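Residues per chain, in single letters:
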Amino acid sequence: MSAAVMDLVEIFNGEGAFIFVDHLAGTAPIFYVQCSADLQAGSPQLAGCSGTGVMLATEELRKYPTQLIAMVYRLANDTTAMEVYADTIKMAEYLVAEARKVPYAPYISGAG
């Protein structure tokens, strides 16, 4: 697990969940949802991702539809988006379900 993921597990005391995104060349991403409590207990179901930053998605995001949609599209297609922390499992599952509906059009954020 990356240090950023483990820091968030500690900060939020094992609440919420992480979405790990596996971007394979030429195919739509694969999403894995991992409960923070499992990570805190030392029993991750997957190895985790590289040292990229972790995006934060809280239930508060639902109040801002434009930002919520942008998060879904970024999760689905930004090849640099590899780890997302959601403050609830429900939010993590929602983001993954919506990201799976998005047409596959990969990009690299920040690339000209």
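Whatever comes next refers back to the structure up there.
Figured I'd write up the structure that's included with this text. (Residues numbered from 1 in each chain as written. Predicted model: local features only at pLDDT ≥ 70, side-chain atom pairs only at ≥ 80, totals over all residues. Heavy atoms only, no water.)

Details of the nonpolar core
Counting residues in each nonpolar core, the largest one holds 21 residues, and the members touching the most others are Ile19, Phe31, Ala57, Leu75, Met91 and Leu95. Sorting the residues of this core by element identifies β1 (17-22), β3 (55-57), α3 (65-77), β4 (83-86) and α4 (89-99) as the ones contributing at least two each. Beyond its immediate sequence surroundings of up to four residues, Phe31 is in contact with Ile19, Phe20, Val21, Leu75, Ala76, Val96, Ala99 and Arg100. By size, the runner-up hydrophobic cluster in this structure holds seven residues, among which are Leu8, Phe18, Leu39 and Tyr85. (Core = buried A, V, L, I, M, F, W, Y, C linked by side-chain atoms within 4.5 Å. Buried < 20%, exposed > 50% of the residue type's maximum accessible area, 1.4 Å probe, protein only. Helix = DSSP H or I, 4+ residues; strand = E, 2+ residues; numbered from the N terminus. Contact = heavy atoms within 4.5 Å.)

With respect to the sheet that holds β1
Pairing within the open sheet is mixed, and its four strands lie in the order β2-β1-β4-β3. What marks the edges here is a single partner per strand, and that holds for β2 (30-35) and β3. Across this sheet, the average inter-strand angle for adjacent strands is 25°, counted without regard to direction. On top of the sheet, helix α1 (residues 3-11) reaches β1 and β4; it is set at about 165° to β1, its chief contact. α3 rests against β1, β2, β3 and β4 of the sheet, and its axis sits at about 140° to β3. (Pairing = 2+ DSSP bridges. Axes fitted to C-alpha atoms, helices over the stretch in contact; angles between N-to-C directions.)

Things to note about the packing of aromatic side chains
This model, assessed by the stated rule, comprises three aromatic pairs. Pairing Phe12 with Tyr85 gives two aromatic rings, centres 4.7 Å apart and planes at 15°, and the pair type is stacked. In this pair, Phe12 sits in the loop between α1 and β1 while Tyr85 sits in strand β4, placing the two residues 73 residues apart along the sequence. For Phe12, a relative accessible area of 32% translates into the label partly exposed. One aromatic cluster is present, formed by Phe12, Phe18, Phe20 and Tyr85 through successive ring pairs. Positioned above the aromatic ring of Tyr94 is the side chain of Arg62, whose terminal nitrogen or guanidinium carbon lies 4.7 Å from the ring centre. (Phe/Tyr/Trp six-rings, centres within 6.5 Å; stacked < 30°, edge-to-face > 60°. Lys NZ or Arg CZ within 6 Å of the ring centre and 35° of its normal.)

Examining α3
Its 13 residues give α3 an end-to-end C-alpha distance of 18 Å, which sits within 8% of 18 Å, the value for a rise of 1.5 Å per residue. Those residues of α3 that fall on the buried side of the exposure criterion are Leu68, Met71, Val72, Leu75, Ala76 and Asn77. Tucked inside the fold, the buried residues of α3 contact β1, β2, β3, β4 and α4. (Expected span 1.5 Å × (residues − 1).)

Concerning unusual backbone geometry
A positive phi angle, near 50°, is found at Asn13, a position not held by glycine. With respect to the helices and strands, the residue Asn13 is situated in the loop between α1 and β1. Residue class for Asn13 comes out exposed when judged on its relative accessible area of 54%.

Looking at the pattern of salt bridges
In total, this model carries four salt bridges according to the counting rule given. With its nearest N and O atoms 2.6 Å apart, the salt bridge here joins Glu59 to Arg62. Taking relative accessible area as the criterion, Glu59 reaches 25% and is therefore assigned partly exposed. Of the charged contacts, one joins Arg74 and Asp78 as a salt bridge, the two residues approaching to 2.7 Å between their closest N and O atoms. Given a relative accessible area of 0%, Asp78 falls into the buried group. (Salt bridge = Lys/Arg side-chain N within 4 Å of Asp/Glu carboxyl O.)

Nothing here speaks to function; it is all geometry.
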